[in-house]
Amino acid sequence: MKKSYLQYLLAGAALVSLSHCSDNDNASPVNEELNTQVLLDFSANLPQAVYSDLSTKTSTLYDQVVALGTNGATDDELAATRTTWKQARQAWEQSEAFLFGPVSTKDIDPHIDTWPVNFNDLNAQLNSGAEFTADYINNLDDALKGFHPIEYLIFGEDGNKKAADLSERDMEYLTALALNLKTLTADANNSWKPSVSGNYHTIFTTAGTGNATYPTQLAAYQELVNAMAGICDEVANGKLDEPFTAQDPSLEESPFAQNSIIDFTNNIKGVQDVYLGKYSADGKGLEDIVRQYNLQLDSDIKLKIDNAINALGKITDPFGKAITTQAMQIETAMSSINDLKDILETELLPFVQQHTK
Amino acid sequence: MRKDKIFIQVLMVVGVIVSIYSCVEPDALNDSDYSEWLSGGSQTVFDNGAGGFSTAFPHLTAAREKVHSIGDGAFGQTFVTAPAPQNPGLGPIFNNVSCTSCHINDGRGKPPLPGEQLSSLLIRISIPGTDAHGGPNPVPGFGGQLQQRGVFGAQPEASVRIDYTEQSYTFADGTPYSLRFPTYTLENPYTTLPAGVMLSPRVAPPVFGLGLLEAVDEADILALADPDDRNDDGISGKPNYAWNVAEGKMTLGKFGWKAANPSLLQQSAGAYNEDMGITNFVFPHESATGQPQYDGRDDEYEVSDSLLYSVAFYIRTLGVPARRAADDAGVLQGKKLFTDGKCSQCHVPRLRTKTDVAFPEISNQVIFPYTDMLVHDMGPNLADNRPDFDASGVEWRTSPLWGIGLTRIVNGHQNFLHDGRARTLLEAIMWHGGEAEASKEFVRTLSQDDRDKLIKFLESL
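All values reported here derive from a predicted model rather than from experimental measurement.

What counts and what doesn't
Residues numbered from 1 in each chain as written. Chains lettered and ligands numbered in written order. Predicted model: local features only at pLDDT ≥ 70, side-chain atom pairs only at ≥ 80, totals over all residues. Heavy atoms only, no water. Axes fitted to C-alpha atoms, helices over the stretch in contact; angles between N-to-C directions. Helix = DSSP H or I, 4+ residues; strand = E, 2+ residues; numbered from the N terminus. Parallel < 35°, antiparallel > 145°, perpendicular 65-115°, else oblique. Left-handed = near helix turned anticlockwise from the far one by under 90°. Contact = heavy atoms within 4.5 Å. Nonpolar A, V, L, I, M, F, W, Y, C, P; charged D, E, K, R; others polar. Pairing = 2+ DSSP bridges. Phe/Tyr/Trp six-rings, centres within 6.5 Å; stacked < 30°, edge-to-face > 60°. Buried < 20%, exposed > 50% of the residue type's maximum accessible area, 1.4 Å probe, protein only. Lys NZ or Arg CZ within 6 Å of the ring centre and 35° of its normal. Core = buried A, V, L, I, M, F, W, Y, C linked by side-chain atoms within 4.5 Å.

### What about the packing of helix 6 (residues 119–127) of chain A against helix 9 (residues 168–191) of chain A?
Residue and element names in this part refer to chain A. Following both chains from N to C, one finds helix 6 and helix 9 inclined at 115°, their axes separated by 9 Å at the closest point. The angle between the axes of helix 6 and helix 9 places the two elements in the roughly perpendicular class. Between helix 6 and helix 9 lies a crossing whose hand is right-handed. Only R169, D170 and Y173 of helix 9 make contact with helix 6, whose side of the interface consists of L122, Q125 and L126. Each residue belonging to the contact of helix 6 with helix 9 can be placed in one class, and the counts come to three nonpolar, one polar and two charged.

Structural data, given as structure tokens:
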């Protein structure tokens, strides 16, 4: 979990707000109605909508994988599963901009998205006589299930797997993995559904109303902004920096699908989504609170989001290759994403501390 | 650039303190209490959300921040079966695949729900007697810790079944409460378990603030000890001394549920070795050595010295979350109850770290961890009946309480105590016995309103 510095700048606002100054003459204006609406729209348009989208796409992926096995796979059908895998990946990577709540605390994240893959054990599983029941897969280590083993099986090590290369055992394992991914993403989807008991929608959106998890709306807003800054840190200083600094393509996630830069871009788009309160539908977002009081900050944040997305777009080689061929583009992307992280931590966080309570 | 930043930070801190002084009711906190907001001294962090336990010290030099960051990466590394290009060496038998898979969000583990596998809880095992250094006597064929998972083809040592029995109690005001008593059964052992095996279940504890605790002067900890209860208050508190592998001698134990671990380096190295099967320079032999699962891969350390140091440094430099609502009237009343009930005799609120010129970030800080770092008799109901160096089968180290109110948001649960048997903070209190019997009884006789205030205080930590 990557976090960093500048906390003392934040200390000021945090402590002042914690100390409940009832007669604070300098209190900043707070639009409670808008602040409540932004939390509600966030829940509806981001976690609920994104996990629902993710769940639908992994369900499609499962159906396509089942069809591959029963029809005698064609290359076109295999290509369709790859497209769906990438679409599911898009929803998941965007959701990483709000990686808190049950997806984090119930370990759904590592169950579906662990890297590296344990290839030795994966091959041993394929060569074994094990029956890949739902329970069996569920009890496997995280490095043997989720997005990346599925990616390996449908793309192949060099990304050129043919349908004819899929063995019967590949299909059994792939089918079981796709079902497991479908189940776990359905859990993620249910975890924010207002109709499901114990859902995180209620916990998050009732912030500040006698809620033990989020005693104040400020706490919910801090969670949002910290999550946005957290994924920026992860992309710039983990996902991009580690393989680049080590000059080691084996550290790259999603190498088989050559999907890494798309993943990183979707992470930043997730940050943009949260800021705007928008995914498939557009609602009130942090943007609306910021625009009410500080138009300059709003345009600065939007500029830095655009810069980060554009800088990632300049990395045109597959990431595993780009770490040696496009060093300047990678450095620019890292610094642009770090710029975005900095403005979120040093300006947006103090801003929400001023304008929420 | 960086100096400016620090300068601004200092200004902000001054501003903060001034602003607190200017707006808090004058008699709400006494003078010495103001810094209680800053549980980790100058290494207090201000994220009270899901990242509350994962934030680096705010005052780290750039070079140290880099080491922290490398350790952070290593803490999250998933190990896989060797040979592999990345993170090889898992197992052959293990408890989990990465540091973070037990210490989720750098926080607290919990027992599995029905139908779930053991994940962030492990079982220490031993037979009567001691090892060469006075520590737990390993179980022949199993060692000192049960590994319930294995890489493909390696048979796990055993599986663990947990059963709970509910027992009902009542508070003095007639309100009922229930505690769940766990029993642990080892099933399907790969070979016969000798008779008389003692089990000690342990959940993964939170890993923030540990560098500050490590930096508390031993003399200060020993000054809190009263092993023979000479002051006759019913509370003893004794230091545990454990084998320090790096120093080759017995030193004061500080970490782990029974304070049987003398340093964060040894704690980290032991976790790599026993929990993941990752050899290192402190513990160079596979946990399965001599067992049929052993894969013969002792040829090189599976985690490098530098990464091991980085991981230990990472957990040394995770900051402590600031208090929330520390001046709330109910919280202050709860705090008084905490003191009146003598909870603070063991959960000592305030400690000071020693001066350390080589590591100014942790030097000479007033911190509020709510522990005395000593072991206490906690009574028969909590006993694991498994001695661990000088800590007997009924003794446990006083757990730090700082940050405990954020467990819900960081880890999504409220399972406390060494094996997560308590489902709420109040249950955790009501499990106390032994030296804490009178404190437990004090809480049992509180009104509902006062119980709520006590919990409110704990939630604010």
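What follows continues from the structure just given.
### Details of the pairing of strand 11 (residues 249–252) of chain B
With four bridges joining them, strand 10 (residues 241–244) of chain B and strand 11 of chain B adopt antiparallel strand pairing. Bridged to W243 of chain B within strand 11 of chain B is M250 of chain B.

### Regarding the packing of aromatic side chains
Each aromatic ring pair is specified by the distance between its two centres and by the angle formed by the two planes. As enumerated under the stated definition, the model contains 34 aromatic pairs over all chains in all. Taking the centre distance of 5.3 Å and the plane angle of 15° together, the rings of Y169 of chain B and Y177 of chain B count as stacked. Residue classification places Y169 of chain B among the partly exposed residues on the basis of a relative accessible area of 23%. Taking the relative accessible area as the measure of exposure, Y177 of chain B reaches 12% and is therefore buried. Ring centres of F338 of chain B and F457 of chain B lie 5.1 Å apart, and the angle between their planes is 55°; on these two criteria the pair is classed as tilted. Placement of F338 of chain B in helix 8 (residues 329–340) and of F457 of chain B in helix 12 (residues 448–459) is noted, with a sequence separation of 119 residues between them. You'll find F338 of chain B and F457 of chain B in the same group, each marked buried. Every member of this aromatic cluster is reached through a ring pair, and the members are F42, Y51, F98, F100, W192, Y200, F204 and Y214 of chain A. Taking NZ or CZ as reference, R180 of chain B lies 4.1 Å from the ring centre of Y164 of chain B, over its face. Seen from the ring of F171 of chain B, R451 of chain B lies directly overhead, with NZ or CZ sitting 3.8 Å from the centre.

### Observations regarding the nonpolar core
One finds F100, Y173, F204, L240 and L348 of chain A together with Y272 of chain B to be the most contacted residues of the largest nonpolar core, which totals 157 residues. At 14 residues, the largest contribution of residues to this core is made by helix 11 (residues 217–246) of chain A. Residues in contact with F204 of chain A, not counting those within four places in the same chain, are L39, F42, F100, W192, Y214, A220, E223 and L224 of chain A.

### Examining the packing of helix 2 (residues 62–76) of chain B against helix 7 (residues 305–316) of chain B
Residues and elements named next belong to chain B. Packing of helix 2 against helix 7 brings their axes to within 7 Å, and their N-to-C directions diverge by 105°. Taken together, the axis directions place helix 2 and helix 7 in an arrangement best described as roughly perpendicular. Residue-level contacts link R64, V67, H68, I70, G71, D72, A74 and F75 of helix 2 to L307, S310, V311, F313, Y314 and I315 of helix 7.

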